[in-house]
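Coordinate analysis (summary)
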Amino acid sequence: MPLLYIDLIEGRTPSQVRVLLDAVHESVVEAFGVPARDRYQVVRTHPAHEVVALDTGLGIARSSQQVIVHVVSRRRTRAMKEKFYELLAVNLADRCGLDGSDLVVSITENGDEDWSFGHGRAQFLTGELQ
């Protein structure tokens, strides 16, 4: 937890995807203070025609390298979220050469009762996880 869905336009190699996932995870660990083993990531690749991410009137041009990250997480502070956005952009630029204009992030918050990590139990509610 958090659970990350990462949408990419097809064309990256498996090693490029792994570097990207590692950069995303390190950003989550640092910004949200979660344990390093707390890693849940799902990558979905799409043909270019299946991804439409316009600029919302901000004048942002996107390329075929764009990365869309959807985070599902327990509630985080505004400061944590802003740190995450910044770290993510820096880490993806440094490790993957990703231009900041090609990064879109959305966070959906939920509560402890919304998570089960296995065995049909809500581990945050049972006290198995904090």
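Check the entry above for the structure.
Described below are features of the structure shown in this document. All values reported here derive from a predicted model rather than from experimental measurement. (Residues numbered from 1 in each chain as written. Predicted model: local features only at pLDDT ≥ 70, side-chain atom pairs only at ≥ 80, totals over all residues. Heavy atoms only, no water.)

1. A closer look at the overall build of the protein
When helices and strands are tallied, the protein shows three helices and four strands. Secondary structure elements in the protein, listed N-terminal to C-terminal, are β-α-β-β-α-β-α. For a compact globule of 130 residues, the expected C-alpha radius of gyration is about 14 Å, and the protein comes in at 16 Å, within 12% of that figure. For the protein, the C-alpha atoms occupy an extent of roughly 45 × 30 × 25 Å along the three principal directions. When burial is assessed residue by residue, the protein has 36% of its 130 residues classed as buried. In the protein, 74% of the contacts between residues at least 6 apart in sequence involve partners at least 24 apart. Element-wise, carbon and sulfur atoms account for 52% of the exposed surface of the protein, whose accessible area totals about 7600 Å². (Helix = DSSP H or I, 4+ residues; strand = E, 2+ residues; numbered from the N terminus. Rg over C-alpha atoms; globule rule 2.2 N^0.38 Å. Buried < 20%, exposed > 50% of the residue type's maximum accessible area, 1.4 Å probe, protein only. Contact = heavy atoms within 4.5 Å. Areas by Shrake-Rupley, 256 points an atom, 1.4 Å probe, with all protein chains shown as cover.)

2. Details of the sheet that holds strand β2 (residues 40-46)
Pairing is mixed in the open sheet, where four strands are placed in the order β2-β1-β3-β4. Two strands in the sheet have a free side with no partner beyond their single neighbour: β2 and β4 (103-110). In this sheet, neighbouring strand axes are inclined to one another by 15° on average, regardless of whether the strands run parallel or antiparallel. Pairing geometry for strand β1 (residues 3-9) and β2, over seven bridges, is parallel. From the neighbouring strand, Ile9 faces β2, where its bridge partner is His46. (Pairing = 2+ DSSP bridges. Axes fitted to C-alpha atoms, helices over the stretch in contact; angles between N-to-C directions.)

3. As for the packing of aromatic side chains
What the rule picks out here adds up to five aromatic pairs. An angle of 45° between the planes, with centres 5.6 Å apart, marks the rings of Tyr40 and Phe117 as tilted. Placement of the pair is Tyr40 in strand β2 and Phe117 in the loop between β4 and α3 (123-126), with a sequence separation of 77 residues. A centroid spacing of 5.6 Å and a plane angle of 5° characterise the contact between Trp115 and Phe117, whose relative ring orientation is stacked. Three or more aromatic residues link up through ring pairs in this structure, and these residues are Tyr40, Trp115, Phe117 and Phe124. The ring of Phe124 is capped by Arg74, whose NZ or CZ atom sits 3.8 Å from the centre of that ring. (Phe/Tyr/Trp six-rings, centres within 6.5 Å; stacked < 30°, edge-to-face > 60°. Lys NZ or Arg CZ within 6 Å of the ring centre and 35° of its normal.)

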